[in-house]
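A closer look at the structure
The lines below spell out each chain.
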Amino acid sequence: MAESPIPVVFIHGLWLHATSWQPWVDLFREEGYDPVAPGWPGEPATVAEAREHPELVAGKKLAEVIDHFRTIVSGFDRDPIIIGHSFGGLITEVLMGEGLGTAGVAIDPAQIKGVLPLPLAQLKAGLPALGNPANINKAISLTDKEFKFGFGNELSEEESAELHEKWTIPSPVHALFEVAAANFNPNAASKVDVDNSARGPLLLVSGTKDHTAPDVTTEAAYKLYRHSAAVTTIEKFEGRGHSLALDHGWRQVADEVLAWLNHEGL
């Protein structure tokens, strides 16, 4: 009897809707996987609904979001591959550290606890949320200009504006405040068991021109895994920004992820 396809769980980050993963979902299904791209807790099914009802996700804390995806990842008949972008990458690392998932891919991941570099570009990218403490329990949107700096800095004005219009939604910013203070909180939800040698293989993907999750922070995260005997790999895409998973060059990134999974026997 043929073995069932390997499930793949795609996890998006702040300011993007789950449907932004659709090209990846289609590709992975064509490649014989069983992919899903669930939203964050409370996230409506469409971009339009999410924009109309930001209150449905306002105030969500990181632990609540991680619990949501932990339940999803644990609900398959066989361990899924977990692929996350931005905050989805951080969640991927947390779950992999717990021994969940048969393999994980963290694309331009948000900073896990223990990552120390804080580049100026990253500070600026986070200002729409972090610049006003009153935002902590709100869901906010990025303007076209803010999206251009945080996501589309390596794209044309036209492509950045198109992606902003197509995929962006209001997102809860509580988690961003949590990550910003994680190194001062011993119980931070972004803490990862980086020493776990029994977990599956993990691939960290970095865009070298990323403003939101700069290459130096992904490199710092990679170094935190140095004491783990589990497979940990880093792949860098030169000249790519935070939009690398959804812009015109997404297929290059996806093909590299598929090649890595094939190398790992998955």
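In case you missed it, the structure is sitting above this.
Residues numbered from 1 in each chain as written. Predicted model: local features only at pLDDT ≥ 70, side-chain atom pairs only at ≥ 80, totals over all residues. Heavy atoms only, no water.

**What to know about the overall build of the protein chain**
- The helix and strand tally for the protein chain stands at ten helices and eight strands.
- Its C-alpha radius of gyration of 17 Å places the protein chain within 12% of the 18 Å reference for a compact globule of 266 residues.
- In terms of overall dimensions, the protein chain has a C-alpha envelope of 55 × 40 × 35 Å along the principal axes.
- The buried share of the protein chain, reckoned over its 266 residues, is 53%.
- In the protein chain, of all internal contacts separated by at least 6 residues, the share reaching a separation of at least 24 is 76%.
- Surface exposure of the protein chain reaches about 11400 Å², of which carbon and sulfur atoms provide 53%.
- When the 20 basic and 36 acidic side-chain charges of the protein chain are each reduced to a single mean position, those positions are 6 Å apart. (Helix = DSSP H or I, 4+ residues; strand = E, 2+ residues; numbered from the N terminus. Rg over C-alpha atoms; globule rule 2.2 N^0.38 Å. Buried < 20%, exposed > 50% of the residue type's maximum accessible area, 1.4 Å probe, protein only. Contact = heavy atoms within 4.5 Å. Areas by Shrake-Rupley, 256 points an atom, 1.4 Å probe, with all protein chains shown as cover. Lys, Arg positive; Asp, Glu negative; His and termini not counted. Charge placed at Lys NZ, Arg CZ, Asp CG, Glu CD.)

**Describing the packing of aromatic side chains**
- Considering all chains together, one arrives at eight aromatic pairs under this definition.
- Judged by centre distance (6.1 Å) and plane angle (65°), the rings of F10 and W24 are edge-to-face. Taken together, the positions of F10 in strand β1 (residues 7–11) and W24 in helix α1 (residues 22–30) put the pair 14 residues apart, joining distant regions of the chain. With respect to burial, F10 and W24 carry one shared label: buried.
- Seen in terms of ring centroids, W24 and W250 are 6.2 Å apart; in terms of plane orientation they differ by 40°. Their pairing is tilted. Remark: W250 occurs in helix α10 (residues 250–263) and W24 occurs in helix α1; sequence separation between them is 226 residues. W250 carries the same exposure label as W24, and that label is buried.
- Taken together, F10, W21, W24, F28, Y33 and W250 form an aromatic cluster joined through their ring pairs. (Phe/Tyr/Trp six-rings, centres within 6.5 Å; stacked < 30°, edge-to-face > 60°.)

**Re the packing of helix α3 (residues 62–73) against helix α4 (residues 87–97)**
- One can describe the packing of α3 onto α4 by two numbers: an axis separation of 10 Å at closest approach and a directional angle of 65°. The hand of the α3/α4 crossing is right-handed. Across the interface between the two elements, L62, V65, I66, F69, R70 and V73 from α3 touch F87, L90, I91, V94 and L95 from α4.
- Each residue belonging to the contact of α3 with α4 can be placed in one class, and the counts come to ten nonpolar, no polar and one charged. (Axes fitted to C-alpha atoms, helices over the stretch in contact; angles between N-to-C directions. Left-handed = near helix turned anticlockwise from the far one by under 90°. Nonpolar A, V, L, I, M, F, W, Y, C, P; charged D, E, K, R; others polar.)

**Regarding α10**
- Taking 1.5 Å per residue, 14 residues should reach 20 Å; α10 reaches 20 Å between its end C-alpha atoms and fits that length.
- Where α10 is buried, its residues touch α1, β3 (81–85), β4 (103–107), β7 (202–207) and β8 (232–237).
- Positioned one or two residues after α10, G265 has a phi angle of 80°, which is positive. (Expected span 1.5 Å × (residues − 1).)

**Overview of helix α7 (residues 157–167)**
- Those residues of α7 that sit buried are E159, S160, L163, H164 and W167. Axial view of α7: buried residues confined to an arc of 135°, hence all on one face. Turned more than 90 degrees away from the buried face of α7 sit E157, E158, E162 and E165, all of them exposed.
- At its buried positions, α7 is contacted by α2 (47–52) and α6 (144–150). (Arc of directions from axis to C-beta.)

**Things to note about the side chain of S228**
- Here S228 is to be found in the loop between α9 (215–224) and β8.
- A relative accessible area of 11% places S228 in the buried class.
- Here A230 takes part through its backbone nitrogen, which lies 3.1 Å from a polar atom of the side chain of S228. (Polar contact = N/O pair within 3.5 Å; in protein donor to acceptor, adjacent residues only side chain to side chain.)

**Observations concerning the pairing of β3**
- Within β3, five of the five residues are buried, which leaves it mostly tucked inside the rest of the structure.
- Side chains I81, I83 and H85 of β3 all project onto a buried face; the interleaved residues I82 and G84 project onto the opposite face, where all are buried too.
- Pairing analysis gives four bridges linking β1 to β3, with the strands arranged parallel. Across the sheet, the residue bridging to V9 is I82, located in β3.
- Bridge count between β3 and β4: five bridges; the pairing is parallel. Looking at the pairing, I83 lines up with V105 of β4. (Pairing = 2+ DSSP bridges.)

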